[in-house]
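Examination of the molecular architecture
What follows is each chain in one-letter form.
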Amino acid sequence: AQSVTQLDSHVSVSEGTPVLLRCNYSSSYSPSLFWYVQHPNKGLQLLLKYTSAATLVKGINGFEAEFKKSETSFHLTKPSAHMSDAAEYFCVVSNSQGGKLIFGQGTELSVKP
Amino acid sequence: EPEVTQTPSHQVTQMGQEVILRCVPISNHLYFYWYRQILGQKVEFLVSFYNNEISEKSEIFDDQFSVERPDGSNFTLKIRSTKLEDSAMYFCASTYYEQYFGPGTRLTVT
């Protein structure tokens, strides 16, 4: 069975400082991994995805994530937080193209001025 | 840029009533999905649909739920007799390589 665990329910950073949102996954197969962002009262937007190519994945808005098989992790990072990054972030796993997505619990990111 | 659309954005209904949530997936996508997010909880998979039939469904997707692709563009989720616990945000998604989500329909059952 597949699952994802987001290690922090809430992360607070100051504007201009680095962001780290942690995610660990469990999968019997070679997984596809994603990060989605949800701004208040908005839908889910894909930030980036890993599908067994490069282990360091670059996404939109300066975010990136590194797939580490030995640690079963897929942490999301950004060098410098912006106020507009404040949102809910979901780590997501899927085992195949067209397969269902399994979401983590979400991490709420707050950015202080 | 193509996008998934959903209507209505907000639906209020009384317990026991039938509701139909509508989605227009991206036109060249092959797989279609419904997910839901109860307030304060994580997003949960309900059902996937491919080649005009259900390809996978979760335990949540019981006999009260059904999906249909009545024409070449719409994809609907019907709840036959709504319960209070059906109150949630319902997201439609479609995929060719990755899943694109619609903005959601907030369903409130009173």
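This text gives an overview of the structure that appears in the document.

Cut-offs and rules
- Residues numbered from 1 in each chain as written.
- Chains lettered and ligands numbered in written order.
- Predicted model: local features only at pLDDT ≥ 70, side-chain atom pairs only at ≥ 80, totals over all residues.
- Heavy atoms only, no water.
- Helix = DSSP H or I, 4+ residues; strand = E, 2+ residues; numbered from the N terminus.
- Rg over C-alpha atoms; globule rule 2.2 N^0.38 Å.
- Contact = heavy atoms within 4.5 Å.
- Areas by Shrake-Rupley, 256 points an atom, 1.4 Å probe, with all protein chains shown as cover.
- Lys, Arg positive; Asp, Glu negative; His and termini not counted.
- Charge placed at Lys NZ, Arg CZ, Asp CG, Glu CD.
- Buried area = accessible area lost by both parts, 1.4 Å probe.
- Salt bridge = Lys/Arg side-chain N within 4 Å of Asp/Glu carboxyl O.
- Polar contact = N/O pair within 3.5 Å; in protein donor to acceptor, adjacent residues only side chain to side chain.
- Phe/Tyr/Trp six-rings, centres within 6.5 Å; stacked < 30°, edge-to-face > 60°.
- Buried < 20%, exposed > 50% of the residue type's maximum accessible area, 1.4 Å probe, protein only.

1. Quick word on the overall build of chain A
The secondary structure content of chain A amounts to 0 helices and 12 strands. When the helices and strands of chain A are placed in sequence order, the string is β-β-β-β-β-β-β-β-β-β-β-β. In terms of overall size, chain A behaves like a compact globule, its C-alpha atoms giving a radius of gyration of 13 Å where 113 residues would be expected to give roughly 13 Å. Seen along its three principal axes, the alpha-carbon backbone of chain A occupies a region of about 40 × 30 × 20 Å. Summarising the internal contacts of chain A: among those between residues at least 6 apart in sequence, 56% fall at separations of at least 24. Total accessible area computed for chain A in this model is approximately 5400 Å², and 49% of it derives from carbon and sulfur atoms. Charge separation in chain A, taken as the distance between the mean sites of 9 positive and 8 negative side-chain charges, equals 6 Å.

2. Re the interface of chain B and chain A
Facing the 17 residues of chain B at the interface are 17 residues of chain A. For the pair chain B and chain A, the summed buried area comes to about 1600 Å², and 54% of that belongs to carbon and sulfur atoms. Looking at the side of chain B facing chain A, the largest losses of area belong to K42, E98 and F101 of chain B, adding up to 31% of the total buried there. The tally of links from chain B across to chain A stands at 2 salt bridges. For E56 of chain B, the salt bridge goes to K100 of chain A, with nearest N and O atoms at 3.2 Å. Where chain B touches chain A, the interface holds 6 residue pairs in polar contact (both at pLDDT 80 or more). Among the elements of the structure, β4 (31-37), β5 (43-50), β9 (88-95) and β10 (99-101) of chain B are those that each provide at least two residues to the side of chain B that touches chain A. The biggest single contributor to the side of chain B that touches chain A is β4 of chain B, with 4 residues.

3. Focus on the environment of K58 of chain A
All names here are of chain A. Examined against the element boundaries, K58 turns out to sit in strand β7 (residues 56-58). Spatially, the C-alpha atom of K58 lies 6.6 Å from that of L48, the residues being 10 residues apart in sequence. Only 2.8 Å separates the side chain of K58 from the side chain of E64, close enough to count as a polar contact.

4. Things to note about the packing of aromatic side chains
Two descriptors summarise a pair of aromatic rings, namely the distance from one centre to the other and the angle between the planes of the rings. All chains considered together, the criterion is met by 19 aromatic pairs over all chains. Between the aromatic rings of Y36 of chain A and F101 of chain B, the centroid separation amounts to 5.3 Å while the plane-to-plane angle is 80 degrees, which identifies the pairing as edge-to-face. A residue pair is termed interchain when its members come from two chains, as with Y36 of chain A in strand β5 (residues 32-38) and F101 of chain B in strand β10. For the pair formed by Y36 of chain A and F101 of chain B, the shared burial category is buried. Judged by centre distance (5.4 Å) and plane angle (50 degrees), the rings of Y35 of chain B and F101 of chain B are tilted. Of the two residues, Y35 of chain B is situated in strand β4 and F101 of chain B in strand β10; the sequence distance between them amounts to 66 residues. F101 of chain B gets classed as buried once you look at its relative accessible area, which sits at 9%. Every member of this aromatic cluster is reached through a ring pair, and the members are F34, Y36, F90 and F103 of chain A together with Y33, Y35, F45, F91 and F101 of chain B.

5. Brief notes about unusual backbone geometry
Residue and element names in this part refer to chain B. The linkage connecting T7 with the following residue, P8, adopts the cis geometry, with an omega of -10 degrees. Topologically, P8 is positioned in the loop between β1 (5-7) and β2 (10-13). Phi angles above zero are rare outside glycine, and N51 is one such case at about 55 degrees. By the element assignment, N51 lies in the loop between β5 and β6 (53-57). Accessibility expressed as a relative area gives 60% for N51, which makes it exposed. Positive phi outside glycine occurs at N52, with the angle close to 65 degrees.

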